[in-house]
Amino acid sequence: MTEQPAGIETNYSNIVKDLPQKVQLVAVSKTYDAVTIERVYNLGHRVFGENKVQELVQKYNELPKDIHWHLIGHLQTNKVKYIAEFIDTIQSVDSRKILKEIDKQAEKYNRKIKVLLQVKIAEEDTKYGLEPFEAKEIFSEYLNGNYPNIEINGLMGMATFTDNEAQVRNEFALLKKLFDELYAQKPLSILSMGMSNDYKLAIECGATSVRIGSAIFGSRNPEN
């Protein structure tokens, strides 16, 4: 069982007070057990983010059904079927292939699945994501009626993990610029950028949703 850090309630309350009213908080609960997650749930929070499908499904089965689950980690096509029935938002759409599979699985459950296009803005090679031109092409296809069982609500991106604030600001600005370009074609609601270490800067740069885990729940185990 995950060790339950003290001060989760205080951490959460301080962050919520700090966030502008229009900014959504996705509490990133990966690696934390259901008991720990319930501590934040009991404060009235309902939006949680997970990285891995298997862990997400397990927690979906263990926790209350009014939670809005967001998948924020890289998603393989063969795993979509396990979450298609209940997932609220898939933030990590990083290819046409995965988008087509989400569309296919959503149709089976007669629902529309909300997604964000994940755009590669970091200089690090390890980050997944679409190139900006690919995101524009996919969005154009969506506007033309492709992917009828999904709803593109916005964009997601991860900045380089660095102390260089200017670099991070530039990367966030790149995503905001693309968001504005797409918004001009069809209004979007979510610009998801910023995590525990850089969410305040992300909000300055226009984020409408932030993904915060360790700043709420405490440090994760190194292997996670």
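- The name that an unreviewed UniProt entry assigns to the protein chain is Pyridoxal phosphate homeostasis protein, with the source organism given as Kaistella treverensis.
- Turning to the protein chain, the UniProt record has this under Sequence similarities (unreviewed entry): "Belongs to the pyridoxal phosphate-binding protein YggS/PROSC family."
- The record in UniProt for the protein chain states the following under Cofactor (unreviewed entry): "pyridoxal 5'-phosphate".

**A word on the packing of aromatic side chains**
Phase 1: Per the stated rule, a full pass over the model turns up 5 aromatic pairs.
Phase 2: Residues F48 and W69 carry aromatic rings whose centres are separated by 6.1 Å and whose planes lie at 45° to one another, so their mutual orientation is tilted. Residue F48 is located in strand β2 (residues 47-50), and its partner W69 is located in strand β3 (residues 68-71); the two are separated by 21 residues in the primary sequence.
Phase 3: Residue F48 is classed as buried on the basis of its relative accessible area, which comes to 0%.

**Topic: the pattern of salt bridges**
Phase 1: Evaluation of the coordinates by the stated rule reveals 13 salt bridges.
Phase 2: Between E50 and K59 there is a salt bridge; the shortest N-O distance is 2.9 Å.
Phase 3: Each of E50, E55 and K59 takes part in a single network of salt bridges with overlapping partners.

**Some words on the environment of D94**
Phase 1: Inspection of the secondary structure puts D94 in the loop between β4 (89-93) and α4 (96-108).
Phase 2: When its relative accessible area of 11% is taken as the criterion, D94 is described as buried.
Phase 3: Sequence separation of D94 and Q118 is 24 residues, and the distance between their C-alpha atoms is 5.2 Å.
Phase 4: Sequence-distant contacts of D94, that is, excluding residues within four places in its chain, are made with H74, Q118, Y128, G129 and L130.
Phase 5: In terms of polar contacts, D94 uses its side chain to reach the side chain of H74, at 2.8 Å.

**Some remarks on the packing of helix α1 (residues 8-18) against helix α2 (residues 34-41)**
Relative placement of two packed helices is described by the angle separating their axes and the distance separating the axes.
Phase 1: Running from N to C, α1 and α2 cross one another at 45°; their axes reach a closest spacing of 9 Å. Regarding the angle of α1 to α2, the classification is oblique. Here α1 and α2 pass one another in a crossing that is right-handed. Taken together, the residues of α2 that come into contact with α1 (itself represented by I8, E9 and Y12) are T36, R39 and V40.
Phase 2: Its residues placed into classes, the contact of α1 with α2 shows 3 nonpolar, 1 polar and 2 charged.

**Some thoughts on the environment of R46**
Phase 1: Mapped onto the fold, R46 is located in the loop between α2 and β2.
Phase 2: Taking the C-alpha atoms as reference, R46 lies 8.6 Å from V26; in sequence the two are 20 residues apart.
Phase 3: For R46, the residues in contact, after removing those within four places along its chain, are Y41, D66, I67 and H68.

**Concerning the pairing of strand β5 (residues 113-118)**
Phase 1: With 5 of 6 residues buried, β5 is to be regarded as a mostly interior element.
Phase 2: Where β4 lies against β5, 3 bridges are found, and the strand directions are parallel. Within β5, the residue paired with I90 across the bridge is V115.
Phase 3: Judged from the 6 bridges that link them, β5 and strand β6 (residues 150-157) form a sheet pairing that is parallel. By the bridge assignment, Q118 is partnered in β6 with M156.

Conventions we followed
Residues numbered from 1 in each chain as written. Predicted model: local features only at pLDDT ≥ 70, side-chain atom pairs only at ≥ 80, totals over all residues. Heavy atoms only, no water. UniProt positions renumbered as here; feature names shortened; annotations may be inferred. Phe/Tyr/Trp six-rings, centres within 6.5 Å; stacked < 30°, edge-to-face > 60°. Helix = DSSP H or I, 4+ residues; strand = E, 2+ residues; numbered from the N terminus. Buried < 20%, exposed > 50% of the residue type's maximum accessible area, 1.4 Å probe, protein only. Salt bridge = Lys/Arg side-chain N within 4 Å of Asp/Glu carboxyl O. Contact = heavy atoms within 4.5 Å. Polar contact = N/O pair within 3.5 Å; in protein donor to acceptor, adjacent residues only side chain to side chain. Axes fitted to C-alpha atoms, helices over the stretch in contact; angles between N-to-C directions. Parallel < 35°, antiparallel > 145°, perpendicular 65-115°, else oblique. Left-handed = near helix turned anticlockwise from the far one by under 90°. Nonpolar A, V, L, I, M, F, W, Y, C, P; charged D, E, K, R; others polar. Pairing = 2+ DSSP bridges.

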